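# Results of the structural survey
Listed below are the residues making up each chain.
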Amino acid sequence: MAPVSDSRPLQITALAGGVGGARFLRGLLAHLRSAEDPARRDARVTVVVNTADDVTLHGLRISPDLDSVMYTLGGGIDEARGWGRAQESYGVAGELAAHGEGPSWFTLGDKDIATHVIRTRMLAEGATLSEVTARLCERWQPGARLLPMTDDRVETHVDLADGPGGATRRVHFQEWWVRLHAAVPAVRIEAVGAAASRPAPGVLEALREADVVVLPPSNPVVSIGTVLQVPGIRDALVAAPAPVVGVSPVVAGAPVRGMADACLSAIGVPTTAAAVAGLYDDFLDGWLIAEEDEPPRRPGLVVRRRPLLMNSPRATADLAGAALDLALELDRKEPAA
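Here's what I pulled together on the structure shown here. None of these values were measured; they are calculated from a predicted model.

## Structural notes on the layout of surface pockets
Here the largest pocket is characterised by a volume of approximately 940 Å³. For the lining of the largest pocket, the elements supplying multiple residues, two or more each, are α1 (18–33), α3 (64–74), α5 (110–124) and α7 (173–179). Residue composition of the lining of the largest pocket, by class: 19 nonpolar, 15 polar and 9 charged.

Here it is as structure tokens:
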């Protein structure tokens with residue numbers, strides 16, 4: 001790929017959700033800040049974040065992936081868990097429990113509740129989720145522009161076949177993920193409302209105008225996969241001239257973090273780096289995989305092997321830098337007519 005410009009900062013767009021995506025993005029920003037190349041050092045990063053994990057509890061609208069990315073990049077995340085606020089307290093949760101108010105499996109911290117109160121109030125007053133996110137980011141200064149995938153309500157629901165005689169029941173994704181730890185096999189995962197949704201303002205432009213598009217090692221089904229279900233986003237990736245480079249979330253047949261294997265099983269896809277790449281087959285140009293994994297056998301896809309574990313800030317920044325290096329090796333595509 002020819003240099004973008006000696007003076008113009010790189011425009012980088014990422015699709016992300018969850019803990020892995022948030023940590024990768026923090027590594028990307030660290031890599032950019034330390035770069036000698038001014039185009040990298042002054043790069044502008046836009047993140048299109050999954051909102052299909054969103055849920056309403058205790059009357060509050062919660063956007064777990066948006067908040068995890070915002071807190072992680074803004075320095076307020078609970079590092080041990082990878083979600084929620086650091087140095088959190090749980091006085092409100094304790095009072096709710098004393099009143100017998102559930103659910104007990106989804107505990108909101110006191111500091112975190114402030115975020116949800118602001119979001120819920122602003123939404124009730126007519127603000128869009130994009131406007132709410134911009135307002136919350138004024139406090140956190142994440143160093144990247146965070147865009148929800150859509151301002152419309154989308155929620156992931158899961159069908160479980162654990163009823164009498166194999167009967168199915170539907171639960172919100174959060175219940176399956178947090179309460180059941182995805183241990184009950186899912187027979188269907190549906191992003192309810194996605195088909196009727198529209199990309200949030202700025203999303204399609206960020207994909208069209210990017211010099212590089214990056215897919216962090218987020219869950220391919222319920223993080224990046226749900227972003228791709230918003231009409232127009234997948235088409236924009238196919239048509240975008242920027243190289244699209246992804247990082248495999250799978251190492252040696254197991255997810256790097258979380259329970260992505262349960263999600264992949266639900267849609268009939270093996271837990272392999274090659275199979276995950278196949279989910280992005282129509283737009284993926286470059287793919288980073290672990291040294292021990294088999295590469296996808298698709299003509300034109302450029303694959304690089306490298307360590308994928310984000311087990312230190314340096315390792316994470318190096319991984320993000322490797323993804324950017326690969327993208328900048330690739331030729332820009334001809335824009336679709």
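## What about the packing of aromatic side chains?
Any pair of aromatic rings gets described here by the distance separating the centres and the angle formed by the planes. The full count for this structure, using the stated rule, is 7 aromatic pairs. With a centroid separation of 5.9 Å and an interplanar angle of 50°, the aromatic rings of tryptophan 176 and tryptophan 177 are classed as tilted. For the residue pair tryptophan 176 and tryptophan 177, the accessibility class agrees, reading buried in each case. Judged by centre distance (6.0 Å) and plane angle (70°), the ring pair of tyrosine 280 and tryptophan 287 falls under edge-to-face. The exposure classification of tyrosine 280 matches that of tryptophan 287, with both residues buried. Site record: aromatic cluster; members linked through ring pairs are Phe173, Trp176 and Trp177. Above the face of the tyrosine 71 ring, arginine 85 is positioned so that its terminal group lies 5.6 Å from the ring centre. The side chain of arginine 139 reaches across the aromatic face of tryptophan 140, ending 3.9 Å from its centre.

## Looking at the sheet that holds strand β1 (residues 11–16)
Pairing is parallel in the open sheet, where 7 strands are placed in the order β5-β2-β1-β9-β10-β13-β14. Every other strand in the sheet has two partners, leaving β5 (145–148) and β14 (302–305) as the edge strands with one partner each. Shown here is a sheet whose adjacent strand axes are inclined to one another by a mean of 20°, direction ignored. For strand β2 (residues 44–49) and β5, the ladder comprises 4 bridges, and the chain directions are parallel. Within the sheet, the bridge partner assigned to valine 48 lies in β5 and is leucine 147. Strands β1, β9 (212–215), β10 (244–247), β13 (286–289) and β14 of the sheet are contacted by helix α13 (residues 313–329), whose axis makes an angle of about 150° with β13.

## With respect to unusual backbone geometry
Of note, the bond from glycine 102 into proline 103 is cis; its omega dihedral lies within 30 degrees of zero at 5°. Inspection of the secondary structure assignment puts proline 103 in the loop between α4 (91–98) and α5. You will see that alanine 182, though not glycine, has its phi angle at about 55°, which is positive. Of note, the phi angle at alanine 252 is positive, near 55°, even though the residue is not glycine. Here alanine 252 shows up in the loop between β11 (250–251) and β12 (254–255). Residue classification places alanine 252 among the exposed positions, given a relative accessible area of 53%.

## A short note on the nonpolar core
Within soluble globular proteins, side chains that are nonpolar generally end up buried alongside one another. By size, the foremost hydrophobic cluster in this structure holds 52 residues, and its most contacted members are Trp176, Ile189, Tyr280 and Trp287. Counting residues in hydrophobic clusters, the runner-up holds 46 residues, among them Val49, Leu66, Ile77 and Cys137.

## Focus: the environment of glutamate 294
Checked against the element boundaries, glutamate 294 lands in the loop between β13 and β14. With 184 residues separating them along the chain, glutamate 294 and aspartate 110 place their C-alpha atoms 45 Å apart. Apart from residues no more than four positions distant in its own chain, glutamate 294 is found in contact with Ala274, Ile289 and Arg305.

## Re the packing of α1 against α3
Orientation of α1 relative to α3, taken along the N-to-C sense of each, is 30°, at an axis distance of 9 Å. Relative to α3, the element α1 lies roughly parallel. Of the two possible hands of crossing, α1 and α3 adopt the one that is right-handed. From α1, Gly18, Ala22, Arg23, Leu25, Arg26 and Leu29 reach across to α3, where they touch Asp65, Ser68, Val69, Thr72 and Leu73. The class makeup of the residues in the contact of α1 with α3 is 5 nonpolar, 3 polar and 3 charged.

## With respect to α5
With 15 residues, α5 should cover 21 Å at 1.5 Å per step; its first-to-last C-alpha distance of 21 Å lies within 8% of that length. In this structure, the buried residues of α5 make contact with β4 (60–62), α3, α4 and α6 (129–140). With its phi angle positive at about 105°, glycine 126 sits one or two positions after the end of α5.

Criteria and cut-off values
Residues numbered from 1 in each chain as written. Predicted model: local features only at pLDDT ≥ 70, side-chain atom pairs only at ≥ 80, totals over all residues. Heavy atoms only, no water. 1 Å grid on protein atoms, 1.4 Å probe; cavity = no way out; pocket = protein on both sides within 12 Å on 5 of 7 lines; lining within 4 Å. Points joined across faces, edges and corners; volume = space filled by probe spheres on them. Helix = DSSP H or I, 4+ residues; strand = E, 2+ residues; numbered from the N terminus. Nonpolar A, V, L, I, M, F, W, Y, C, P; charged D, E, K, R; others polar. Phe/Tyr/Trp six-rings, centres within 6.5 Å; stacked < 30°, edge-to-face > 60°. Buried < 20%, exposed > 50% of the residue type's maximum accessible area, 1.4 Å probe, protein only. Lys NZ or Arg CZ within 6 Å of the ring centre and 35° of its normal. Pairing = 2+ DSSP bridges. Axes fitted to C-alpha atoms, helices over the stretch in contact; angles between N-to-C directions. Contact = heavy atoms within 4.5 Å. Core = buried A, V, L, I, M, F, W, Y, C linked by side-chain atoms within 4.5 Å. Parallel < 35°, antiparallel > 145°, perpendicular 65-115°, else oblique. Left-handed = near helix turned anticlockwise from the far one by under 90°. Expected span 1.5 Å × (residues − 1).

Taken by themselves, the reported measurements are silent on function.
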